[in-house]
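# Geometric and topological summary
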4 protein chains.
Amino acid sequence: MLVILDPHVSPAHRSAIDEAIRGAGCTIAETPSRRGLLLVIDGDLDRLRQIPLGVFPGVRKIVSLSKPYALSSWEHQAEPTVVNVGTTRIGGGHFAIIGGPCAVESRSGLLEIARAVKEGGANLLRGGAYKPRTSPYSFRGLGLEGLLILRDVGQQTGLPVVSEITDPRHIEACISNVDMLQIGTRNMSNFDLLVEVGKSGHPVLLKRGRSATIADWLLAAEYILAQGNPNVVLCERGIRGFDPLLRNTLDLAAIPAIRGLSHLPVIADPSHATGRAAYVAPLARAACAAGSDGVMIEVHSHPERAQSDAEQAMRPAEFRDLCEDLRLLLQVRGGVTRS
Amino acid sequence: MLVILDPHVSPAHRSAIDEAIRGAGCTIAETPSRRGLLLVIDGDLDRLRQIPLGVFPGVRKIVSLSKPYALSSWEHQAEPTVVNVGTTRIGGGHFAIIGGPCAVESRSGLLEIARAVKEGGANLLRGGAYKPRTSPYSFRGLGLEGLLILRDVGQQTGLPVVSEITDPRHIEACISNVDMLQIGTRNMSNFDLLVEVGKSGHPVLLKRGRSATIADWLLAAEYILAQGNPNVVLCERGIRGFDPLLRNTLDLAAIPAIRGLSHLPVIADPSHATGRAAYVAPLARAACAAGSDGVMIEVHSHPERAQSDAEQAMRPAEFRDLCEDLRLLLQVRGGVTRS
Amino acid sequence: MLVILDPHVSPAHRSAIDEAIRGAGCTIAETPSRRGLLLVIDGDLDRLRQIPLGVFPGVRKIVSLSKPYALSSWEHQAEPTVVNVGTTRIGGGHFAIIGGPCAVESRSGLLEIARAVKEGGANLLRGGAYKPRTSPYSFRGLGLEGLLILRDVGQQTGLPVVSEITDPRHIEACISNVDMLQIGTRNMSNFDLLVEVGKSGHPVLLKRGRSATIADWLLAAEYILAQGNPNVVLCERGIRGFDPLLRNTLDLAAIPAIRGLSHLPVIADPSHATGRAAYVAPLARAACAAGSDGVMIEVHSHPERAQSDAEQAMRPAEFRDLCEDLRLLLQVRGGVTRS
Amino acid sequence: MLVILDPHVSPAHRSAIDEAIRGAGCTIAETPSRRGLLLVIDGDLDRLRQIPLGVFPGVRKIVSLSKPYALSSWEHQAEPTVVNVGTTRIGGGHFAIIGGPCAVESRSGLLEIARAVKEGGANLLRGGAYKPRTSPYSFRGLGLEGLLILRDVGQQTGLPVVSEITDPRHIEACISNVDMLQIGTRNMSNFDLLVEVGKSGHPVLLKRGRSATIADWLLAAEYILAQGNPNVVLCERGIRGFDPLLRNTLDLAAIPAIRGLSHLPVIADPSHATGRAAYVAPLARAACAAGSDGVMIEVHSHPERAQSDAEQAMRPAEFRDLCEDLRLLLQVRGGVTRS
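Cut-offs applied
Residues numbered from 1 in each chain as written. Chains lettered and ligands numbered in written order. Predicted model: local features only at pLDDT ≥ 70, side-chain atom pairs only at ≥ 80, totals over all residues. Least-squares fit on C-alpha atoms with pLDDT ≥ 70 in both. Contact = placed C-beta atoms within 7 Å. Pairing = 2+ DSSP bridges. Helix = DSSP H or I, 4+ residues; strand = E, 2+ residues; numbered from the N terminus. Axes fitted to C-alpha atoms, helices over the stretch in contact; angles between N-to-C directions. Nonpolar A, V, L, I, M, F, W, Y, C, P; charged D, E, K, R; others polar. Buried ≥ 20, exposed ≤ 12 C-beta atoms within 10 Å, placed from the backbone. Right-handed = clockwise from strand over helix to strand, strands pointing away. Domains from an automatic or database assignment. pLDDT = per-residue confidence, 0-100. Expected span 1.5 Å × (residues − 1). Parallel < 35°, antiparallel > 145°, perpendicular 65-115°, else oblique. Left-handed = near helix turned anticlockwise from the far one by under 90°.

This part covers the relation of the copies chain D and chain A. Note on the copies: chain D fits chain A at an RMSD of 0.1 Å, the axial shift is 0.0 Å, and the rotation between them is 180°. Given the turn and translation reported, the copies of this chain are related as if by a two-fold rotation axis. Closest to the rotation axis within chain D is the C-alpha of Phe 242 of chain D, separated from it by 2.2 Å. Of the residues that chain D buries at the interface, 100% are likewise interface residues in chain A, meaning the two copies contact each other through the same surface.

And the structure:
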């Protein structure tokens, strides 16, 4: 860590600074510069970070030389993480195609969709049971009943299943019934929930918060990893944008950025990103071409009967065509996993 | 509600649309226009909204003529809501000055700060016990112990207290010890938590989510109001901006916007909005001049010892000066509550 | 156009509204609704739009049923526009690969780069002569001399050339020397400049403004088209984002969105979008897979000597590899031009 | 400047780095750290900044210790700048109230408004002659005729006048007829235009670009100052936000931020910021309370006849009330100019 001081810092202020740094068990090497005194700090920097050096009189600027997310970075692990979700692998060259409805609505409806996405090419089934909805007056999911339907349909079709958890009190029910826990964009910074899914050891699909930077997102992953759960897959699903035409702004630069910073797999969800079925296939292809480890796609056999997010749902035939495109793109991409 | 159809909609598609609308118990009046057929819909629109008309072939556009947040709007209640927090009233001309540290760090430290903010002019004490932190390696608060300290110090100084709740499992502990529950920006869309604080009937300080529109925010309030809890105070605390100079962008237009749309009180938190102590006083004055029902200010006797958000903490003497400014501004503002 | 009135509008206000609408040569058809009176307006809507109906007492909402950009929409033209830039065609299935340095720095340097990008697979050469720079103390380009070098090097290598115009007073110099005029992101709303390039009839590469919506961007194109110049190619180059890691946020949803709304070709510039050479190839591939009509890539033989934007410049060998990837992707994409 | 190197940088790369730095006439002092080698650079840093050190192999990070905007910073000038516009002074305790219509529409109309704003309390008259409009089909101003009307009405009422310049070719016409040149938000980065108004020496009102950081904005001011023109007033007018309810997001933290970084006066334009007349007065009061050096307000005697931006125009009586509020607030504020 570098601490840059005002060249005219008073002796009293200077010794308060030195004391705080040394008190945290760190060493100081000093270098003068025309623009300010420069302190190079080594030692227990995690402990030092608890001290707000920035408010000490005489401190101008603090420059961190290390990344705040340790466990998710390549410094911690040199090989890409591969997450096993039932029989499906994600990362390290294994590409996930997650398909299914926004919400589990009925047993027969889900079974129809699950069969279609499996036939189309999906290797993981999605379906929401606990649905966070902007309005309290919208359909909020079937809850536990939805989880049970999802489990059964997953078993019938042979697809592992992923569903969102929104409340730490649901952890037992979710773990018992789904293969992968999804943390939605609204809960990326629900740290109590992250700690719970971390403790569970279960595979986690961690969506990016709508206003989260890449660093915020990796720090959210760090909450899960720090509980000893290495099974984290990141999911870019669009950040807050300003164009009323689109629901969110899909930030595909996050794919190479995460690849450069972290060993964790990263996939994309173009359905929530755009909110429009017509844009989903082009952006799913784009995510694949950018090097993602998978895509998550909303599919519904009858969008006109869907109880949530109908406007972004693909129909099964469109999904099958997309899966075919993805297969061709993956051939072109070859083995590239760390572009 | 208006539904605009393609002028060339096929008869089959047209009857599917009509059937769906009538099936939801609504009536249709039709008007032709050069640009499309226009359906004016009346009846049980809440039920109709569950049907995704937007994906029906032949539908071009849907225009809602009513607001999605019913209970928080002036249509529901003609008088401004006044929320009682212990002996302090907020709204309807009553101005709250909430002061205190980011986090409760120790009994003696909090007592020192509480006495200072009371003397300065605060009528409500803040202090975090459960702290959501971006990094899992940062200080996360004293938890229950922090709540107990906060309660005691509040009683000693005669100040009602407000503290953040982050987990529905903490609801009992929070209700027993604090006068007002704060929902932080990261949890504005944690709907399970909103339902819990709604059920409690306790006063709630609902911060705006970092990427929430005004409508998203009022819908979050609606989750609480819909549980029968009318004691909601909104708090603008800055939205996600793009300038690295500032932590967030304080959106003071939210003050008159909320005033125009809702009977709920609205205050501002310039400490979190800017992240810099030097900007807090000018923006607190600005919030007051814009018509807010209060301000929330972080104060610390020794910022250089603070364990979180030290850079945005005012010192007690600065806080006292600010309170004096606010008193003068409130005199100028006079009785204006619905500008 | 629909105008929704307050159901309790006074007769005087009502007749002022009717008069204004009829005075603009429009007709009114009236439909009652529980939520308000509804006026369906037909006639000379362009003329009516000059009247600020929104401020008339009694008007609640105005809903436009037509798009504000006429000439760039599919309603105006059913076939995709193909723009000829020298011997290179863009749009309608023709894919442009524009390569070259940020700025023209010297004759020999540009020639070296031009030969490399031609060999790599580029069919258009870029190079800035008039450089808009955030700081007045940065290198601002060689001006006219740069244009002359660019023209000569283009002729030597057989590549048509594109360069940015920043001032209407440079129009003659630019037209005489380059095959395509670029309007940069900072000048997307420099309407006097748009009118000049419109009058010229010359091919124009219109970059999206950093905070422009898709509609703002198409309206900027409309300024050029309205002067009788149909040769407009749109270029997505990243919008303002909030993550300090990236220079901008590449909004690839703009590719299918423009494709759905307009017949104009649309390409992507991942170099300016990210500001980092390592992210350029993945995002260029993504743009191609999303259906773009081309990409624009900054290439420099010696980035460490570049006088601007060095951190985003690819080296010639990397560019060649990318061109090879693009060729494979285009084969997969097949003839898809209107996905 | 600090340059942080990879601890394992190769000797060849290391000497290339040293050579580049020394070749720019700078000196290097080296300090080792566990996290990397640290080079402290002094000397001609402006020259060094032309070299893209960031792309040299072995360079990890570059930290600048000085601000890029020299002339606008307090380091350049210790006293606040006061700009004289005719008889009106702005800055250093002098508060500007700029009122008038969006556009000059007619001589009689402008005279009526000018008399009203003067009587209300304005000390500067605004009125657009060259109007940048998002759509080419909107009213674009009267041009030169508008300038002549504005000049005459200013003389008749004794108010200095300000009007927007959008094209460097209009510089003579603008200088001859108006007292202050406005650079609008769309042209903040039109550097050719900034250079022209810089050369003119005329007072300039420089609006913030919609996606400009504070630093971008001060660098735009630097373009004008670097031409020897010190008469620059900054104007915060709202940045791009994501809420469709508001036209822009007024960023009032810019007031104390500019105050802390620069000696230039800074005012606010709540009319363009919000686009809604009902929000203008609260936010004008807020800007004043935050310490601004003035406000710019759109006023129209008959908004329902206005040819542009009618929805944000105050009526003369509302403007008079606002001016009265501002007078009271300025009394409370006292002499505070550098809060």
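Residues and elements named next belong to chain A. Taken in spatial order, the 4 strands line up as E2-E3-E1-E4 in an open sheet, and their pairing is antiparallel. The two strands at the open ends of the sheet, each matched to only one other strand, are strand E2 (26-33) and strand E4 (59-63). Averaged over all pairs of adjacent strands, the angle between their axes in this sheet comes to 20°, without regard to strand direction. Along the sheet face, helix H1 (residues 11-23) touches E2, strand E3 (36-43) and E4 and points at about 145° away from the line of E2.

Taken together, the 32 residues of chain C in the interface contact 32 residues of chain A. Of all the elements in the fold, those that place two or more residues in the side of chain C that touches chain A are helix H8 (254-261), helix H10 (277-289) and helix H11 (316-333) of chain C. Examining the composition of the side of chain C that touches chain A, we find that 9 residues originate from one element, H10 of chain C, more than from any other. Class assignment for the residues of the side of chain C that touches chain A results in 22 nonpolar, 7 polar and 3 charged.

Each copy of the chain is related to the other by a rotation around an axis and a translation along that axis. Rotating chain C by 180° and translating it 0.0 Å along the rotation axis places it on chain A, where the RMSD comes to 0.1 Å. Of the residues that chain C buries at the interface, 100% are likewise interface residues in chain A, meaning the two copies contact each other through the same surface.

Okay, unusual backbone geometry next. Despite not being glycine, Asp 309 of chain B shows a phi value in the positive range, around 50°. Residue classification places Asp 309 of chain B among the buried residues on the basis of 23 C-beta atoms within 10 Å.

This part takes up the pairing of strand E11 (residues 204-207) of chain D. Residue and element names in this part refer to chain D. Side chains Val 204 and Leu 206 of E11 all project onto a buried face; the interleaved residues Leu 205 and Lys 207 project onto the opposite face, where all are buried too. As paired elements, strand E10 (residues 180-183) and E11 share 3 bridges and run parallel to each other. Bridged to Ile 183 within E11 is Leu 206. Tracing the backbone out of E10, into helix H6 (residues 191-200) and back to the parallel element E11 gives a crossover that is right-handed. Taken together, E11, helix H7 (residues 214-225) and strand E12 (residues 232-236) constitute a β-α-β crossover, and its handedness is right-handed.

As far as domains go, chain A holds domain 1 (2-63) and domain 2 (83-333). Between domain 1 of chain A and domain 2 of chain A, the C-alpha centre-to-centre distance is 45 Å.

Residue and element names in this part refer to chain B. As summarised here, the arrangement of the 4 strands in space is E2-E3-E1-E4, forming an open sheet in which the pairing is antiparallel. Each edge of the open sheet carries a strand with a single partner, namely strand E2 (26-31) and strand E4 (59-63). Strand-to-strand twist in this sheet, taken as the mean axis angle between neighbours without regard to direction, amounts to 25°. In the packing of helix H1 (residues 11-23) onto the sheet, contacts are made with E2, strand E3 (37-43) and E4, and the angle to E2 comes to roughly 140°.

A separate point is the pairing of strand E9 (residues 161-164) of chain D. Residue and element names in this part refer to chain D. What you see with E9 is no split at all: Val 161 and Ser 163 on one side and Val 162 and Glu 164 on the other are buried throughout. With 2 bridges joining them, strand E8 (residues 124-126) and E9 adopt parallel strand pairing. In the sheet register, Leu 125 faces E9, and the bridge partner there is Val 161. Handedness of the β-α-β unit built from E8, helix H4 (residues 144-157) and E9 comes out right-handed. Bridge count between E9 and E10: 3 bridges; the pairing is parallel. Paired with Val 162 across the strands is Met 180, a residue of E10. In this fold, E9 hands off to helix H5 (residues 171-177), which returns the chain to E10; that crossover is right-handed.

Turning next to the interface of chain D and chain A. Across the boundary between the two partners, chain D contributes 18 residues, which contact 18 residues of chain A. Those elements that place two or more of their residues in the side of chain D that touches chain A are strand E1 (2-5), strand E2 (26-31) and strand E3 (37-43) of chain D. Take the side of chain D that touches chain A: its biggest share by element is 3 residues, from E3 of chain D. Tallied by class, residues from the side of chain D that touches chain A come to 9 nonpolar, 5 polar and 4 charged.

The next thing to look at is the environment of Gly 99 of chain D. Residues and elements named next belong to chain D. By the secondary structure assignment, Gly 99 is in strand E7 (residues 96-100). By the C-beta count within 10 Å, which is 30 here, Gly 99 ends up buried. Taking the C-alpha atoms as reference, Gly 99 lies 6.1 Å from Val 299; in sequence the two are 200 residues apart.

What follows deals with the confidence of the model for chain A. Residues at a pLDDT of 70 or more form 98% of chain A, whose mean pLDDT is 93. Under a pLDDT of 50 for its full length, residues 335-339 of chain A has, in the predicted model, 12 contacts with residues more than four places off or in other chains.

The next thing to look at is helix H7 (residues 214-225) of chain C. Residues and elements named next belong to chain C. Across its 12 residues, H7 extends 16 Å between first and last C-alpha, which sits within 8% of the 16 Å expected from 1.5 Å per residue. For H7, the tally of buried residues reaches 10 of 12 residues, placing the bulk of the element in the interior. Where H7 is buried, its residues touch helix H6 (191-200), strand E11 (204-207), strand E12 (232-236) and H8.

To describe two helices that pack against each other, one gives the angle between their axes and the distance between the axes. Residues and elements named next belong to chain C. The interhelical angle for the contact between H10 and H11, taken along N-to-C directions, is 20°, at an axis separation of 10 Å. One element, H10, and the other, H11, form an angle in the roughly parallel class. Taken as a pair, H10 and H11 cross one another with a handedness that is right-handed. Together, Ala 281, Ala 284, Arg 285, Cys 288 and Ala 289 of H10 and Glu 318, Leu 322, Asp 325, Leu 326, Leu 329 and Leu 330 of H11 make up the contact between the two elements. Residues belonging to the contact of H10 with H11 are distributed by class as follows: 8 nonpolar, no polar and 3 charged.

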